[in-house]
Amino acid sequence: METLASIVTIIAGLLLRFAIPIAGTLILVYLLRKLDAHWQAEAELTPIAIEKVECWKVKGCSEGQRKNCIGSSSPLPCWQAYRQPNGYLQEKCISCEVFTNAPIPTLKIEPRRM
């Protein structure tokens, strides 16, 4: 009888040792997914206003240069059009006066109605 109690105690201990961390992890995953869904829904409702800066006017580009430029034909600001595949900005964009003098995009937050 004592052996059976020992086996049950060991099995219960192992279950608690593994079940509590797994349950905690599952609860955390659920809450984080719910929070992410909330943030994504909020982001869809309040778009960020991006003001297009006409860089070709600031830099004084000719019509020929403007036709060959990705930045002038893109709806995004020129430094966004020239982003590298890894998401980094190019070195020439970081030191460019168009980028450094561009307005910072703002998020318009509307008060919640209760």
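Below, the structure is looked at part by part. (Residues numbered from 1 in each chain as written. Predicted model: local features only at pLDDT ≥ 70, side-chain atom pairs only at ≥ 80, totals over all residues. Heavy atoms only, no water.)

### Quick notes on the side chain of S72
Reasoning step 1: On the secondary structure map, S72 appears in helix α4 (residues 70-73).
Reasoning step 2: A distance of 2.7 Å separates a polar side-chain atom of S72 from the backbone oxygen of R66.
Reasoning step 3: If we skip the residues at most four places from it in the chain, S72 touches K52, W56 and R66. (Helix = DSSP H or I, 4+ residues; strand = E, 2+ residues; numbered from the N terminus. Polar contact = N/O pair within 3.5 Å; in protein donor to acceptor, adjacent residues only side chain to side chain. Contact = heavy atoms within 4.5 Å.)

### Regarding the packing of aromatic side chains
Reasoning step 1: One pass over the full model with this rule turns up one aromatic pair.
Reasoning step 2: Taking the centre distance of 5.3 Å and the plane angle of 75° together, the rings of W79 and F99 count as edge-to-face. Placement of the pair is W79 in helix α5 (residues 78-81) and F99 in helix α7 (residues 97-100), with a sequence separation of 20 residues.
Reasoning step 3: Above the ring of Y82, the side-chain terminus of K92 is found at 5.0 Å from the ring centroid. (Phe/Tyr/Trp six-rings, centres within 6.5 Å; stacked < 30°, edge-to-face > 60°. Lys NZ or Arg CZ within 6 Å of the ring centre and 35° of its normal.)

### Quick word on the pattern of salt bridges
Reasoning step 1: In the structure shown here, the tally under the stated rule is one salt bridge.
Reasoning step 2: In this structure, K57 and E54 form a salt bridge, with 2.7 Å as the shortest nitrogen-oxygen distance.
Reasoning step 3: Judged by its relative accessible area of 59%, K57 is exposed. (Salt bridge = Lys/Arg side-chain N within 4 Å of Asp/Glu carboxyl O. Buried < 20%, exposed > 50% of the residue type's maximum accessible area, 1.4 Å probe, protein only.)

### Considering a nonpolar patch on the surface
Reasoning step 1: A surface patch of nonpolar side chains, amounting to about 540 Å² of accessible area, comprises I10, L14, F18, I22 and L26.
Reasoning step 2: In this fold, F18 is placed in helix α1 (residues 2-45).
Reasoning step 3: With relative accessibility at 54%, the residue F18 sits in the exposed group. (Patch = residues over 30% accessible without salt bridge, like charges linked within 9 Å, V, L, I, M, F, W, Y side chains within 5 Å. Areas by Shrake-Rupley, 256 points an atom, 1.4 Å probe, with all protein chains shown as cover.)

### Observations regarding the nonpolar core
Reasoning step 1: Residues V53, C55, W56, C78, W79, L89, C93, C96, V98 and A102 constitute the largest nonpolar core, which totals 10 residues.
Reasoning step 2: Those elements that place two or more of their residues in this core are α2 (55-59) and α5.
Reasoning step 3: Setting aside its immediate chain neighbours within four residues, W79 contacts V53, L89, C93, V98, F99 and A102. (Core = buried A, V, L, I, M, F, W, Y, C linked by side-chain atoms within 4.5 Å.)

### Focus on the side chain of S74
Reasoning step 1: Looking at the element boundaries, S74 is found in the loop between α4 and α5.
Reasoning step 2: For S74, a relative accessible area of 14% corresponds to the buried category.
Reasoning step 3: A polar side-chain atom of S74 sits 3.1 Å from the main-chain amide nitrogen of L76.
Reasoning step 4: Not counting chain neighbours up to four residues away, the residues in contact with S74 comprise K52 and A81.

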